Amino acid sequence: MKNIKMFHLNDCGYCDKARKAMKELKQEDKYKDVVVETIEETEHPDIADQYDYYATPTYYVDEKKIFEAHIGMTYEQIKDEVKHVFDLALED
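Here goes a summary of the coordinates provided.

Rules and cut-offs
- Residues numbered from 1 in each chain as written.
- Predicted model: local features only at pLDDT ≥ 70, side-chain atom pairs only at ≥ 80, totals over all residues.
- Heavy atoms only, no water.
- Core = buried A, V, L, I, M, F, W, Y, C linked by side-chain atoms within 4.5 Å.
- Buried < 20%, exposed > 50% of the residue type's maximum accessible area, 1.4 Å probe, protein only.
- Helix = DSSP H or I, 4+ residues; strand = E, 2+ residues; numbered from the N terminus.
- Contact = heavy atoms within 4.5 Å.
- Axes fitted to C-alpha atoms, helices over the stretch in contact; angles between N-to-C directions.
- Parallel < 35°, antiparallel > 145°, perpendicular 65-115°, else oblique.
- Left-handed = near helix turned anticlockwise from the far one by under 90°.
- Nonpolar A, V, L, I, M, F, W, Y, C, P; charged D, E, K, R; others polar.

**Regarding the nonpolar core**
Generally speaking, a soluble globular protein has its nonpolar side chains buried in company with each other.
Link 1 in the chain: Membership of the largest hydrophobic core comes to 20 residues, with the highest contact counts inside it found for Ile4, Val36, Tyr59, Val82 and Phe86.
Link 2 in the chain: Put simply, the parts of the chain that give this core at least two residues each are β1 (4–8), α1 (13–25), β3 (58–61) and α3 (75–90).
Link 3 in the chain: If near-sequence neighbours (up to four positions away) are discounted, Val82 is found in contact with Ala18, Ala21, Met22, Leu25 and Tyr59.

**Brief notes about the environment of Lys64**
Link 1 in the chain: Its place among the elements puts Lys64 in strand β4 (residues 64–68).
Link 2 in the chain: Given the relative accessible area of 57%, Lys64 is considered exposed.
Link 3 in the chain: With 12 residues separating them in the primary sequence, Lys64 and Asp52 have C-alpha atoms 10.0 Å apart.

**Some points on the packing of α1 against α3**
Link 1 in the chain: The geometry of α1 relative to α3 is characterised by a closest axis approach of 9 Å and an angle of 55° between their N-to-C directions. Classed by the angle they form, the pair α1 and α3 counts as oblique. The two elements α1 and α3 meet at a crossing, and its hand is right-handed. Contacts between α1 and α3 pair Tyr14, Lys17, Ala18, Lys20, Ala21, Met22, Glu24 and Leu25 from the former with Tyr75, Ile78, Lys79, Val82, Lys83 and Phe86 from the latter.
Link 2 in the chain: Of the residues in the contact of α1 with α3, the class split is 9 nonpolar, no polar and 5 charged.

In structure tokens, the structure reads:
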């Protein structure tokens, strides 16, 4: 399984949606073993500053940016993107 990093903020509504999506997806057998390293950017600016993104949540799979949220995204859109991240991480 490939490494997943999620950059987020504790007070971000879109991040809340992404966390909810991850929790729901991990209830499925296919995704139950997926591990996501979560990095709260204000608590770890030294790490966050090493990555090129503007908005949260942002996901990287093996150091490649796969998804960066944008204003106006619905829960379903975010869940679809998180699912895509999980699927990429599971690919051989």
